[in-house]
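Coordinate analysis (summary)
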Amino acid sequence: MDEAQRHFGGTIGQMPESVALLQRHAPDAFAAYLSAREAAYRLPPEGHLPLAQKELVFIVLDVAAGHAEGAVAHAEAGLRAGLTPGQIM
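Residues numbered from 1 in each chain as written. Predicted model: local features only at pLDDT ≥ 70, side-chain atom pairs only at ≥ 80, totals over all residues. Heavy atoms only, no water.

Okay, the overall build of the protein next. Looking only at helices and strands, the protein has six helices and zero strands in total. Secondary structure elements of the protein, listed N to C terminal, follow the sequence α-α-α-α-α-α. Over its C-alpha atoms the protein spans a radius of gyration of 13 Å, differing by no more than 12% from the 12 Å that the globule rule assigns to 89 residues. Across its three principal axes, the protein shows a C-alpha extent of roughly 40 × 30 × 20 Å. Looking at the protein residue by residue over its 89 residues, the buried ones come to 31%. Across the protein, every contact between residues at least 6 apart in sequence was considered, and the portion connecting residues at least 24 apart equals 43%. Within the structure as shown, the protein displays about 5700 Å² of accessible surface, and the carbon and sulfur contribution to it stands at 61%. Positive and negative side-chain charges of the protein, numbering 6 and 10 respectively, have mean locations separated by a distance of 3 Å. (Helix = DSSP H or I, 4+ residues; strand = E, 2+ residues; numbered from the N terminus. Rg over C-alpha atoms; globule rule 2.2 N^0.38 Å. Buried < 20%, exposed > 50% of the residue type's maximum accessible area, 1.4 Å probe, protein only. Contact = heavy atoms within 4.5 Å. Areas by Shrake-Rupley, 256 points an atom, 1.4 Å probe, with all protein chains shown as cover. Lys, Arg positive; Asp, Glu negative; His and termini not counted. Charge placed at Lys NZ, Arg CZ, Asp CG, Glu CD.)

Following this line, the structure appears as structure tokens:
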């Protein structure tokens, strides 16, 4: 398992197919995306929000972008991180 698979496995459970396609076909863009994503997932004290709150932000962003698959993945990750169904709703 490579670094990217570990990161996605540890955050949302698995690497989405859309991200795997980016990794295969645009490796430089993928490396930049992975770096930004890893930075966004830093937890306190390096990062500023607890994991549950980060997942809530990612849910909102995916819903606003019309990315249902991503919203569901982040909702599931948010539940694992301690969000309640009410908070997600």
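As for its placement among the helices and strands, G9 is situated in helix α1 (residues 3-11). The exposure class assigned to G9 is partly exposed, which follows from its relative accessible area of 36%. In sequence terms G9 and V60 are 51 residues apart; their C-alpha atoms lie 21 Å from each other.

Relative to each other, helix α4 (residues 51-64) and helix α5 (residues 68-81) sit at 165 degrees, their axes nearing to 8 Å. As judged from the angle between their axes, α4 and α5 are roughly antiparallel. For the element pair α4 and α5, the recorded crossing hand is left-handed. Contacts from L51, A52, E55, F58, I59, D62 and V63 in α4 reach G70, A71, H74, A75, A77, G78 and A81 in α5. When its residues are assigned to classes, the contact of α4 with α5 shows nine nonpolar, three polar and two charged. (Axes fitted to C-alpha atoms, helices over the stretch in contact; angles between N-to-C directions. Parallel < 35°, antiparallel > 145°, perpendicular 65-115°, else oblique. Left-handed = near helix turned anticlockwise from the far one by under 90°. Nonpolar A, V, L, I, M, F, W, Y, C, P; charged D, E, K, R; others polar.)

Side chains of L49, V57 and L61 sit close together on the surface and give an oily, nonpolar patch of about 250 Å² of accessible area. For V57, the location among the structural elements is in helix α4. Taking relative accessible area as the criterion, V57 reaches 38% and is therefore assigned partly exposed. (Patch = residues over 30% accessible without salt bridge, like charges linked within 9 Å, V, L, I, M, F, W, Y side chains within 5 Å. Salt bridge = Lys/Arg side-chain N within 4 Å of Asp/Glu carboxyl O.)

This next bit is on the side chain of E55. Here E55 shows up in helix α4. Buried within the structure, E55 lacks any salt-bridge partner; its nearest side chain of opposite charge belongs to R37, at an N-O separation of 6.2 Å. In this structure the side chain of E55 is engaged in a polar contact, spanning 2.6 Å, whose partner is the side chain of H74. Not counting chain neighbours up to four residues away, the residues in contact with E55 comprise T11, Y41, H74, A77, G78 and L83. (Polar contact = N/O pair within 3.5 Å; in protein donor to acceptor, adjacent residues only side chain to side chain.)

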